[in-house]
Amino acid sequence: MKLQRKNRLRAISLGAVAVSGALALTACGSDDTAGGSSGNASSSASANASSIKCDDAKGQLLSDGSSAQKNAIDAWVAAFSQACGVQINYKAGGSGAGVTSFNQGQLAFAGSDSALKPEEVTASKKVCSGGQGIDLPMVGGPIAIGYNLDGVDNLVLDAPTIAKIFDGKIKTWDDAAIKKLNPKAKLPSQKIQAFHRSDESGTTDNFTKYLKAAAPADWKYSGGKAWQAPGGQAAAQSSGVAAGVKQTPGSIGYFELSFVADGMKAVSVDTGASAPVTASSEAASKAIADAKVVGTGQDLSLELNYKTKAEGAYPITLVTYEIACDKGNKADSLPATKAFLNYIASEDGQGKLAGLGYAPIPAEIISKVRTTIAGLS
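Residues numbered from 1 in each chain as written. Predicted model: local features only at pLDDT ≥ 70, side-chain atom pairs only at ≥ 80, totals over all residues. Heavy atoms only, no water.

Trainee: Describe the sheet that holds strand β11 (residues 277-278), listing the residues and the values that go with them.
Mentor: As summarised here, the arrangement of the three strands in space is β5-β10-β11, forming an open sheet in which the pairing is mixed. Looking at strand neighbours, the two that pair on one side only are β5 (156-158) and β11, the edges of this open sheet. Here strand β10 (residues 268-270) pairs with β11 via two bridges, running antiparallel. Bridge pairing in β11 links Val269 to Val277. (Pairing = 2+ DSSP bridges. Helix = DSSP H or I, 4+ residues; strand = E, 2+ residues; numbered from the N terminus.)

Below you can see the structure in the form of structure tokens.
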């Protein structure tokens, strides 16, 4: 498939980006670094990086959180570090780990695929002197349902069937429900191996929000960052789930589109529209455009419509937020934090997303993000 070839090339190029990043450190400079700064990097920046405004950015930043946005962060960090000489280490340990570490004062900013909960905002006030943690929507994208099933190149599933597969109610690939949605496919009587996240994850949170909204009769769990359904195979982070699916015949799992690579295929979702919808940046953007800003004050958290039946809109989407203090940021890390966030919210930064399998944040929302970043103190 064209999408698979494209994603293989993405994976290769992103691997090179990750290696070239050579990034590590902490906001307080206590961790060992994996590689030094490039010194006069800004003077040798590429034409692409030359438009980045470094302002007074300097030193080192530590960040952690969403593994969903890792491929975007890797590309952004490579360009920003080359232009500004600032070292950034993004650990991608999962949304739960990122929020926890941020509220312990360990990070300059965190990434989360779920907006801060009220109790998390309260906890952030101890770290953000005179302020609080806020949600800045920065990366959109589809949560692909990747599968590894020999001889089946196109697979259509609907929300009830997806829910039953991940709840262990549908156990084999030749189940009647799957056959009904795929009458022309040669489905084997092979056991389904369903992979889910072992760590607390915003990807899990958004995936289960979709199941709760679109298949309430078949998904009875309360949801959240921790996986609740029994059984299945667990793996850490999006990369771990993707690796499990890639290595296991008859398997299926959920992760961001950029992790669909190396022969893996993605499910098309029957939403009730005239045709099933395949995960893509464009299809995710159509769904995110239907989102509402529900945050108050400087917070820009969004409410997504997981039940959309709009033509060409892919319903299993997420938005990754960068979480930062609106006030009370550490003086030594604030310039670099603002410069980096300004870059990734810029037209240039957002312009990289579609090529990496993500969806840019809609113009009217990202303009509010830029204004908010400018006021961070």
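After presenting the structure, the write-up continues.
Trainee: Please set out the side chain of Asp113 residue by residue, giving values where relevant.
Mentor: Note on placement: Asp113 falls in the loop between β3 (109-112) and α4 (118-124). At 2.8 Å, the side chain of Asp113 and the side chain of Ser66 are in polar contact. Among residues more than four places away in sequence, those in contact with Asp113 are Ser66, Ala68, Ser95, Gly202, Thr203, Asn206, Leu318, Val319 and Thr320. (Polar contact = N/O pair within 3.5 Å; in protein donor to acceptor, adjacent residues only side chain to side chain. Contact = heavy atoms within 4.5 Å.)

Trainee: Lay out the state of the cysteines in plain terms, naming residues and giving numbers.
Mentor: A full pass over the atoms with the stated rule returns two disulfides. Between Cys128 and Cys325 runs a disulfide, and the two sulfur atoms are separated by 2.0 Å. Here the S-S torsion is close to -70°, and the disulfide linking Cys128 with Cys325 is therefore left-handed. Separated by 197 residues along the polypeptide, Cys128 in the loop between α4 and β4 (133-148) and Cys325 in strand β14 (residues 317-325) bring together distant segments of the chain. An identical accessibility class is assigned to Cys128 and Cys325; each is buried. Take the cysteines of the chain that form disulfides and number them in order along the sequence; they join up as 1-2, 3-4. (Disulfide = S-S within 2.5 Å. Buried < 20%, exposed > 50% of the residue type's maximum accessible area, 1.4 Å probe, protein only.)

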